[in-house]
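Analysis of the macromolecular model
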Amino acid sequence: MQTKLTAPAVLEREFLEMRAKVLQLAASFDRLDRAEGAVAGDSRLAQLAQAIQLLQSEQPGRAEEVQMIFSRTFSPDWRDELGVG
Amino acid sequence: MYYFDPHIHMVSRTTDDYETLAKMGCVGMSEPAFWAGFDRGSVESFRDYFRQLTDFEMKRAAQYGIQHYTWLCINAKEAENVELSREIIAMIPEFLDLPNVLGIGEIGLNKNTRNESVIFLEHMELAITHQQQILIHTPHLEDKYQGTRMILDMLRGDARLDRSRVLVDHVEEHTVRHVLDAGFWAGMTLYPVSKCTPARAADMVEMYGPDRLLVNSAGDWGPSKPTAVPDFVLEMRRRGHAESLIRKIVYENPLTFFRQSQNFQFTPPDVLAESPVEG
């Protein structure tokens, strides 16, 4: 099943919301820069950078890929590792 | 449009919320047992909670024409206490024959620990032994993907389980495909910040189709919106989707899933309206 809206209709409907979200992100990074203290080594910043970079790719499934950037990995051997029979 | 909220925690909501939900078209709901915001200390606390779910809430909902159902368990967060969990699992069968009990839930994982997994498996055993349906909570944020995969691993590991009688809730873009491909039902929870928005839920319907998909508000004591399902309905309408498709997701799918429970005796509102009023 596909979306009923055309691409121009989706852009028309969502442009201002997308613009606002990008601005909010930009303002958050500016706020981090103005604040005292350092977070350069915080792994969450690297996750954010990776996710923002991914947004510019043209591959489908960006939302799923962004989710995976912020997810712990799954080990198929988890039962042995945790000792669950 | 009538709708059924398959996952909402009404013990945390006011009677005014029941009235608002009824005005917005909610005719039925199911309420899984969950974490109260603090860890309870004894099996008697849970016995009282289960009485509230199986008696008081059903009556409170009925005042507004809403048919209330429930699920019983010890939630994943408190399952870290294995001793208490086992006492509660042993007590649950006292309640399974009550008229609004649909099954065991919401069981699941929280931080994906050994103890949570052990109690999840013991809940599964309880459900299978008593021919109960299962409603499953998947973890939050960074733990969701790993925990969902662990849960699916445990479910698939037991050949006695009928997958069509299991609902895996709180799916998002990175977990929905795994749940549906394995033959389970999937629930999308509409939350203001975490979990899923109405727009992203509509995206998943467009990508995966409407079969075995549900949407719920999970309205509870935290930041949540009990009227989130009507928000989803509006989003689908604004995108031009057919009323029949929307109705399938918010009304027919929940009924199809819940009708597999022996205690689900839902009366559609149009049938209720033709019944004589007593009193």
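Keep in mind that this is a model prediction, so the values were computed, not measured.

Some details on the overall build of chain B
When you go through chain B residue by residue, the secondary structure sums to 10 helices and eight strands. What you see for chain B is a C-alpha radius of gyration of 18 Å, in line with the 19 Å of a compact globule of 279 residues. Each principal axis of the C-alpha distribution contributes one length, and for chain B these read about 50 × 45 × 35 Å. When each of the 279 residues of chain B is scored for burial, the buried share is 48%. The contacts of chain B with a sequence gap of at least 6 include a subset with a gap of at least 24, amounting to 74%.

Topic: the nonpolar core
Residue and element names in this part refer to chain B. If you look at the biggest cluster of nonpolar residues, it comprises 77 residues, and the most contacted ones within it are Val168, Ala201, Val215, Phe232 and Val250. It is helix H9 (residues 243-258) that contributes the most residues to this core, six residues altogether. Setting aside its immediate chain neighbours within four residues, valine 250 contacts Tyr3, Phe4, Val215, Val229 and Val233.

Digging into helix H2 (residues 43-62) of chain B
Residue and element names in this part refer to chain B. In this model H2 runs 28 Å from its N-terminal to its C-terminal C-alpha over 20 residues, within 8% of the 28 Å that 1.5 Å per residue would give. Glutamine 52 marks where H2 bends most, by close to 35 degrees. Where H2 is buried, its residues meet helix H1 (15-23), strand E2 (26-32), strand E3 (67-72), helix H3 (82-91) and strand E4 (101-108).

A look at unusual backbone geometry
Residues and elements named next belong to chain B. Between glycine 105 and the following residue, glutamate 106, the backbone shows a cis peptide bond with an omega angle of -10 degrees. Its location among the elements puts glutamate 106 in strand E4. Its identity is not glycine, yet histidine 170 carries a phi of approximately 60 degrees, on the positive side. Mapped onto the elements of the fold, histidine 170 is located in the loop between strand E6 (166-168) and helix H6 (176-181). Classification of histidine 170 as buried rests on a count of 26 C-beta atoms within 10 Å.

Focus on helix H5 (residues 144-156) of chain B
Here H5 of chain B spans 18 Å end to end across 13 residues, near enough to the 18 Å set by a 1.5 Å rise per residue. Residues of H5 of chain B that are buried include every one of Lys144, Tyr145, Gln146, Gly147, Thr148, Met150, Ile151, Leu152 and Leu155 of chain B, and no others.

Here's the deal with the interface of chain A and chain B
Listed per partner, the contact involves 18 residues of chain A and 19 residues of chain B. Breaking the side of chain A that touches chain B down by element, the ones donating at least two residues are helix H3 (62-69) and helix H4 (78-82) of chain A. Per-element tally for the side of chain A that touches chain B: the top contributor is H3 of chain A, with four residues. For the side of chain A that touches chain B, the per-class residue count stands at nine nonpolar, six polar and three charged.

How each quantity is defined
- In this numbering scheme, every chain counts its residues from 1 along its sequence in written order.
- To label them, take the chains in the order written and letter them from A, then take the ligands in the order written and number them from 1.
- Selection of residues for local features in this predicted model requires a pLDDT of at least 70, selection of side-chain atom pairs for listing and counting requires 80 or more, and totals for whole chains, interfaces and linings are taken over all residues.
- The way it works is that DSSP assigns letters per residue, a run of H or I at least four long becomes a helix, a run of E at least two long becomes a strand, and they are numbered from the N terminus.
- To get the radius of gyration, use the C-alpha atoms; to get the globule rule, take the number of residues to the power 0.38 and multiply by 2.2 Å.
- With C-beta atoms placed from the backbone, a residue is buried if 20 or more other C-beta atoms are within 10 Å of its own, exposed if 12 or fewer are, and partly exposed between those counts.
- Contacts here follow a simple rule: the backbone-placed C-beta atoms of the two residues must lie within 7 Å.
- Residues of type Ala, Val, Leu, Ile, Met, Phe, Trp, Tyr and Cys that are buried and joined through C-beta atoms within 7 Å form what is called a nonpolar core.
- Expected helix span is given by 1.5 Å per residue-to-residue step, counting one fewer step than there are residues.
- What we call the bend at a residue is the angle made by axes fitted to the seven residues finishing there and the seven residues starting there.
- Basically, the charged four are Asp, Glu, Lys and Arg, the nonpolar ten are Ala, Val, Leu, Ile, Met, Phe, Trp, Tyr, Cys and Pro, and anything else, Gly included, counts as polar.

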